[in-house]
Amino acid sequence: MRVPLADVVAAAESTSEKLREMETNLSAEETSAVVARELPLMAQEIAALLDETRRSLKPGVPLETLGDLEARWQKRSDQLALWARDLTARASNIDNQIDQLPEWRSTWSQTLTFAHNSSAPPEVTKRIESVLAAIERVGSILQTHRASILTLQSHVAEETHRATGAKRSIKLAQNEAVEQLGVRDSPPIWNSELWTNPPPETPPVGPDIDVPAPSTPGTEAPATPISPSPPACSSC
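Residues numbered from 1 in each chain as written. Predicted model: local features only at pLDDT ≥ 70, side-chain atom pairs only at ≥ 80, totals over all residues. Heavy atoms only, no water.

Draft legend 1. Spotlight on the packing of helix 2 (residues 31–56) against helix 4 (residues 122–181). In contact at an axis separation of 10 Å, helix 2 and helix 4 are set at 25° when each is read in the N-to-C sense. In terms of orientation, helix 2 lies roughly parallel with respect to helix 4. The handedness of the crossing between helix 2 and helix 4 comes out as left-handed. Seen from helix 2, the contacting residues are Ser32, Val35, Ala36, Leu39, Ala43, Ile46, Leu50 and Thr53; seen from helix 4, they are His145, Ile149, Leu152, His155, Val156, Glu159, Arg162, Ala166 and Ile170. Considered class by class, the residues forming the contact of helix 2 with helix 4 number 11 nonpolar, 4 polar and 2 charged. (Axes fitted to C-alpha atoms, helices over the stretch in contact; angles between N-to-C directions. Helix = DSSP H or I, 4+ residues; strand = E, 2+ residues; numbered from the N terminus. Parallel < 35°, antiparallel > 145°, perpendicular 65-115°, else oblique. Left-handed = near helix turned anticlockwise from the far one by under 90°. Contact = heavy atoms within 4.5 Å. Nonpolar A, V, L, I, M, F, W, Y, C, P; charged D, E, K, R; others polar.)

See below:
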C-alpha cells in the first residue's frame, strides 16, 4: 500500500518521528548496559563460590555451613533471574519494533516507485528516499542491539545453570545431614516397645549376704541339732 503523493510530506514526518523515538529509546535503555557491565564480575563470584562449595560438601559438613552456602547462592540466583526477566522484556520490545519495519519499508518503496512514474517533484522524491534511508539505519541499529541482548541472555542462562546445580547439590547434602541426625544408638523414649518390654532391673550392689536356697516342695531342710544346756549349779 503506497502513500498518496499529496500525503507524502505529512506521512513522511510521522514515520520519521516514530523512527527517531526508536533511536531515542535505544540510547536511553540501560538494562543491557548494566548487565554487560556487571555480569563478568558475577561470573567471577560464581566461579569462586562454586569452588568453595565443592570443597565444603564433604561428609559431616555442618548444617549451618550448608545454610550459609545456600543463602549466598540464592542471592546470586535472584539477581540472575532479575537480569533474565529484564533482558527478555527488552528483547521482546525490540522484536516488536523490528516487526514494524518491513511494512514501512514496503509502503515507502511502493510510494517511491509511484513518485518516479508520476514525475513527482524532486523534493517529494528526496523526502521519500530520506524515510527509506532512516528505516534501514534504525533497522540495522535494532538488529545489532537485539543480537547483543541475545548474547547477554545466553551468558546469564549459563551462570543460572551453574547456580541451580550448586543449590541442588547443597540441598542433597542438607538432606543427608538431617538423615544422619536421625540415626540413634537406642530407641527414643516415645518408642512403645520401651514401655511394654522394659529392660531387666540391675540388682543393687551391696555386701555379700548368704541367702538360703529355697527348699523343694515335699522336703524339709535338715534341723540344726541343739546342744543341751549345762545343768544349773545348786551351790552357785
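Draft legend 2. Quick peek at helix 2. When the terminal C-alpha atoms of helix 2 are compared, their 35 Å separation across 26 residues agrees well with the 38 Å that a helix rising 1.5 Å per residue should span. The axis of helix 2 is deflected most strongly, by about 35°, at glutamate 38, and proline proline 40 appears within four residues downstream. Burial in helix 2 covers these residues: Ser32, Val35, Leu39, Met42, Ile46, Leu49, Leu50, Thr53 and Ser56. Looking at the buried positions of helix 2, the neighbouring elements they touch are helix 3 (63–117) and helix 4. (Expected span 1.5 Å × (residues − 1). Bend = angle between axes of the 7 residues up to and from the residue. Buried < 20%, exposed > 50% of the residue type's maximum accessible area, 1.4 Å probe, protein only.)

Draft legend 3. Just a nonpolar patch on the surface, in detail. On the surface, Leu63, Val178 and Leu181 cluster together to form a nonpolar patch covering roughly 280 Å² of accessible area. Tracing the backbone shows leucine 63 in helix 3. The partly exposed category is assigned to leucine 63, whose relative accessible area is 36%. (Patch = residues over 30% accessible without salt bridge, like charges linked within 9 Å, V, L, I, M, F, W, Y side chains within 5 Å. Areas by Shrake-Rupley, 256 points an atom, 1.4 Å probe, with all protein chains shown as cover. Salt bridge = Lys/Arg side-chain N within 4 Å of Asp/Glu carboxyl O.)

Draft legend 4. Expanded view of the nonpolar core. Of all hydrophobic cores here, the largest spans 43 residues; its most connected members are Leu19, Leu39, Trp73, Trp108, Ile128 and Leu142. Broken down by secondary-structure element, the contributors of at least two residues to this core are helix 1 (8–28), helix 2, helix 3 and helix 4. Element by element, the count of residues in this core is highest for helix 4, at 15 residues. Every residue in contact with tryptophan 73, bar those within four places of it in the chain, is listed here: Ile46, Leu49, Leu50, Thr53, Ala163, Ala166, Lys167 and Ile170. (Core = buried A, V, L, I, M, F, W, Y, C linked by side-chain atoms within 4.5 Å.)

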